Amino acid sequence: MHVPGGESRSMKIYELKFLPLFENDLNEIIDYIAGTLGNPIAASAMVDEVEKAIHDRLQSAESFEQYELNDNHEHPYYKIHVKNYTIYYVVIGNVMEVRRIIYSRRNIHSKDWR
């Protein structure tokens, strides 16, 4: 990548990995929206928005503020907000590892969210 007035820099390329926990979270959210709320169109739109938000972030996964948790973690967490939900991910080398998607008002400082 060429930066006008600057030196050429190469952009870091990230691979994308989803933990099964994230996939379970998302499936529960979609089941709730489509089944319990009876709105399959909104459920489908939610999947699209989550996908887009993650892929948009993939280009610059570490360019955002780190999210501090109370526990010591080997890798810092980052957040993405989509509607009433927060997506949590870490970057390990060149991998953006998407770990959870949780209702934004949930207490994530309890041990049960990880």
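Presented here is a report on the structure given in the accompanying data block. (Residues numbered from 1 in each chain as written. Predicted model: local features only at pLDDT ≥ 70, side-chain atom pairs only at ≥ 80, totals over all residues. Heavy atoms only, no water.)

### Some words on the pairing of strand β4 (residues 95–103)
Thinking step 1. Taking burial as the measure, the nine residues of β4 include eight buried ones, the bulk of the element.
Thinking step 2. The pairing of strand β1 (residues 15–18) with β4 spans four bridges and is classified as parallel. Paired with E15 across the bridge in β4 is V95.
Thinking step 3. Where strand β3 (residues 85–92) meets β4, eight bridges bridge the pair, whose relative direction is antiparallel. Residue pairing for β4: Y88 is matched across the bridge by R100. (Buried < 20%, exposed > 50% of the residue type's maximum accessible area, 1.4 Å probe, protein only. Helix = DSSP H or I, 4+ residues; strand = E, 2+ residues; numbered from the N terminus. Pairing = 2+ DSSP bridges.)

### A few points about the packing of helix α1 (residues 20–36) against helix α2 (residues 40–58)
Thinking step 1. Closest axis-to-axis distance for the α1/α2 pair is 7 Å, and the angle between their directions is 150°. For the element pair α1 / α2, the angle class is roughly antiparallel. Once α1 is placed against α2, the crossing between them reads as right-handed. Residues F22, L26, I30, I33 and A34 of α1 form the contact with α2, whose participating residues are P40, A42, A43, M46, V47, V50 and I54.
Thinking step 2. Here the residues of the contact of α1 with α2 are counted per class, giving 12 nonpolar, no polar and no charged. (Axes fitted to C-alpha atoms, helices over the stretch in contact; angles between N-to-C directions. Parallel < 35°, antiparallel > 145°, perpendicular 65-115°, else oblique. Left-handed = near helix turned anticlockwise from the far one by under 90°. Contact = heavy atoms within 4.5 Å. Nonpolar A, V, L, I, M, F, W, Y, C, P; charged D, E, K, R; others polar.)

### Brief notes about the environment of M96
Thinking step 1. The topology assignment puts M96 in strand β4.
Thinking step 2. Overall, the relative accessible area of 0% leaves M96 in the buried class.
Thinking step 3. Sequence separation of M96 and I54 is 42 residues, and the distance between their C-alpha atoms is 9.4 Å.
Thinking step 4. Those residues in contact with M96, other than ones at most four positions away along the chain, are E15, L16, K17, I54, R57, L58, A61, I80, Y89 and V90.

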